[in-house]
Each structure stands twice: as structure tokens, then as C-alpha cells.
Amino acid sequence: MLMSPVCVIAKKEIQDSLRNRWVLFISLIFLILSLSVTFAGSAVAGHLSLPELNALISSLSTISVFIIPLAAMLASYDAFVGEDESGTLLLLLSYPISRTQILMGKLVGHSLIMSATITFAFGVTLVLLLLLGDNYQPQLLLVQFGQFIFSSILLAIAFILLGYIVSLKSSEKAKAVASVLLVWFMFVLIYDLLLLTILVADLSFFNQYIINALIALNPTDLYRAINLIGMETGNGSLALFASSAWGLSALYGIMLLWLVILVVITGQMFKRRSL
């Protein structure tokens, strides 16, 4: 069982990422951003101090919602088109391995890579705050950061699967890179901009139910809502996510539903892909 095809393929993906320094590169980026926001974020106000926990989680999630999806898709965009170009995918399919096992092996490998980088970067920040942050309640700090890290991993897995979809739809790696940037741009920037424009316009027929539905249609907005729900965020744009009518369990349920749907779509696309 330990050497099942899924485990073997996952191990190969992890080894490839370690060999090309991808894990180290992403870990350092996440760590630098996390430490900068935590310990130097107050520099713009002319002094250095640790932020309040709500403000810290809000700032970290605002930055992570841009960086994590892009990193996840860049890690997975060539999972199929890259191996197809090199001929290794055809060789892999010649073995008695199902396409579902190949897909799940790649997903497990890439998910473990992103989980390790996210946990390392934000875990180091958590440890430093526990050691240096006298104003924080340790139990509350552990709960908030635990939720933040877990939701960040779910967001990464969602965009790993979107990267797979791009990889399966592309005929060349160059086209896959362009498509990844377009998907990232649409989900992370354009959708949020349109949603905030609708809110600022204050259209009379838009009620909380419609807003909740719009949040559910984008995993990045679900990620924001999970990390901001119940927080004191004032009257700014983040108040939309903090005041979501859904509870935390419902938001996690919708995020998991996103993952299931993306896995099914990816699996169907891989089965229909001709080599």
C-alpha cells in the first residue's frame, strides 16, 4: 500500500519540486511576505509595533489571496502538457496505471508541496509571535493562525486543480502559462473588482442572499470570508466578507464543494484527453 501508484507519482512530483528548488523558492517568498506584514507593516505609520490580531489576519489574507493562487497554478500548470511534450505522460500511461491514479498522485504531491510551504512560512510567523507578542492570547493566536493556514491550503488546492484544467486544455507549455495568468487575473482581480463595483453602486435589488451567492462563486472570496468573518473591519470593502450571513462551517463546506467539483471536472477532462 505504501508503494501504490498514487504514492509513487506523488513522491516523484515532490522530488521534482525539490530538485528544481521550487519548494525553497516559494517558501522564502511566503516567509518574507509574512514576516514583513507582521513585523514591518506598521512602518508606514512612522513606528514599529505588532498589529492587533484581527488586523494581522486581515492583512495576511489580503496578500495571500494574490500570491497563493498564482504560486499554486505555476506549480501545476505543466503537470500534463509538460509531460505530454516530453513524452513521459505517454510512457506513464503505458503502465498498468489508471488515469485516476495519475491524477490523484499528482494532486497529492502538489498539495503536499503547497501545504509544506504555507505551513512553514506562516508557522514560523506564529512561533515568533508566541515568543515576542506579549499582547496576544496564545490560545486565540493558535486558533486564528490554524484556521488561516488551513484555509490557505484549501485555496492552494483549488488553484492547483485550476492549473490542471489549464494544463489539460493547452497544447503547449507557452500557451498554458498565458492561460494561467489569465485565469489568475479573472479570479483574483477582475471578479473582485466587479463585485466591489456592484456593492459601491448600492443597487436596490442586491440583497445579502445575492451577495452571499456571488461570494460562493469564487474560491478567493470564500477564502477572504473564512478569514474575516466576525472581525471588526470597519465600513471598508472588507466589511462585505466579515459580515457574511453564512457561518464558518457553511463557508468551509462550500470551499470543499469547490474542490470536489474541480476534481470531477479535471478527471473527466483527463479521461477524454487524447495523446
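Structure shown above.
A brief report on the enclosed structure follows. (Residues numbered from 1 in each chain as written. Predicted model: local features only at pLDDT ≥ 70, side-chain atom pairs only at ≥ 80, totals over all residues. Heavy atoms only, no water.)

## Observations concerning the overall build of the chain
Part 1: Of regular secondary structure, the chain possesses 12 helices and 0 strands.
Part 2: Each helix and strand of the chain, placed in order from N terminus to C terminus, yields the pattern α-α-α-α-α-α-α-α-α-α-α-α.
Part 3: For the chain, buried positions account for 45% of its 275 residues.
Part 4: The long-range fraction of contacts in the chain, counting pairs at least 24 apart against all pairs at least 6 apart in sequence, stands at 81%.
Part 5: Summed over all atoms, the accessible surface of the chain reaches about 13700 Å², with 69% contributed by carbon and sulfur. (Helix = DSSP H or I, 4+ residues; strand = E, 2+ residues; numbered from the N terminus. Buried < 20%, exposed > 50% of the residue type's maximum accessible area, 1.4 Å probe, protein only. Contact = heavy atoms within 4.5 Å. Areas by Shrake-Rupley, 256 points an atom, 1.4 Å probe, with all protein chains shown as cover.)

## Here's the deal with the pattern of salt bridges
Part 1: Scanning the entire structure with this criterion turns up 8 salt bridges.
Part 2: A salt bridge links Lys12 to Asp16; the shortest N-O distance between them is 2.9 Å. Placement of the pair is Lys12 and Asp16 together in helix α1 (residues 5-19), with a separation of 4 residues, close to one helical turn.
Part 3: Residues Arg224 and Asp192 are paired through a salt bridge, measuring 3.0 Å at the closest nitrogen-oxygen approach. Separated by 32 residues along the polypeptide, Arg224 in helix α10 (residues 219-228) and Asp192 in helix α8 (residues 173-201) bring together distant segments of the chain.
Part 4: Relative accessible area serves as the criterion here: at 8%, Asp192 is assigned to the buried category.
Part 5: One salt-bridge network, in which partners are shared between bridges, spans Lys12, Glu13, Asp16, Arg19, Glu83 and Lys106. (Salt bridge = Lys/Arg side-chain N within 4 Å of Asp/Glu carboxyl O.)

## Focus on helix α3 (residues 53-76)
Part 1: If you check α3, its first and last C-alpha atoms are 33 Å apart, about what 24 residues at 1.5 Å a residue would give, namely 34 Å.
Part 2: The largest bend along α3 measures about 40 degrees and falls at Ser64. (Expected span 1.5 Å × (residues − 1). Bend = angle between axes of the 7 residues up to and from the residue.)

## Let's talk about the nonpolar core
Part 1: In terms of nonpolar packing, the biggest core is built from 74 residues, with Phe30, Phe80, Met114, Ile118, Phe145, Phe159 and Tyr164 touching the most fellow members.
Part 2: Beyond its immediate chain neighbours, meaning those up to four positions away, Phe145 contacts Leu53, Leu56, Ile57, Leu60, Phe122, Thr125, Leu126 and Leu129. (Core = buried A, V, L, I, M, F, W, Y, C linked by side-chain atoms within 4.5 Å.)

## Some details on the packing of aromatic side chains
Part 1: One pass over the full model with this rule turns up 9 aromatic pairs.
Part 2: Between Phe30 and Phe122, the aromatic rings sit 6.4 Å apart at their centres with planes inclined by 15 degrees, giving stacked as the arrangement. Of the two residues, Phe30 sits in helix α2 (residues 22-40) while Phe122 sits in helix α6 (residues 99-132), which places them 92 residues apart along the sequence. Side by side, Phe30 and Phe122 carry an identical accessibility label, which is buried.
Part 3: Ring geometry for Phe187 and Trp258: centres 6.4 Å apart, planes at 75 degrees, overall edge-to-face. Linking Phe187 in helix α8 with Trp258 in helix α12 (residues 248-272), this pair joins segments that are 71 residues apart in sequence.
Part 4: Classification of Trp258 as buried rests on a relative accessible area of 17%.
Part 5: What links up through ring pairs into an aromatic cluster is the set Phe30, Phe122, Phe145, Phe148 and Tyr223.
Part 6: A cation sits over an aromatic face here: Arg99 above Phe270, 5.3 Å from the ring centre. (Phe/Tyr/Trp six-rings, centres within 6.5 Å; stacked < 30°, edge-to-face > 60°. Lys NZ or Arg CZ within 6 Å of the ring centre and 35° of its normal.)

## Notes on the side chain of Arg224
Part 1: Among the residues examined, Arg224 registers a relative accessible area of 8% and is labelled buried.
Part 2: Here the side chain of Arg224 touches Asp192 through a polar contact of 3.0 Å, side chain to side chain. (Polar contact = N/O pair within 3.5 Å; in protein donor to acceptor, adjacent residues only side chain to side chain.)

## Examining the packing of α2 against α3
Part 1: Interaxial distance between α2 and α3 falls to 10 Å at its minimum, and their mutual angle equals 165 degrees. Regarding the angle of α2 to α3, the classification is roughly antiparallel. Where α2 crosses over α3, the two elements pack in a sense that is right-handed. Where α2 abuts α3, its residues Trp22, Ile26, Ile29, Phe30, Leu33, Ser34, Val37 and Thr38 lie against Leu56, Ser59, Leu60, Ile63, Ile67, Ile68, Ala71, Leu74 and Ala75. (Axes fitted to C-alpha atoms, helices over the stretch in contact; angles between N-to-C directions. Parallel < 35°, antiparallel > 145°, perpendicular 65-115°, else oblique. Left-handed = near helix turned anticlockwise from the far one by under 90°.)

## Concerning the environment of Ile265
Part 1: For Ile265, the position within the fold is in helix α12.
Part 2: With relative accessibility at 38%, the residue Ile265 sits in the partly exposed group.

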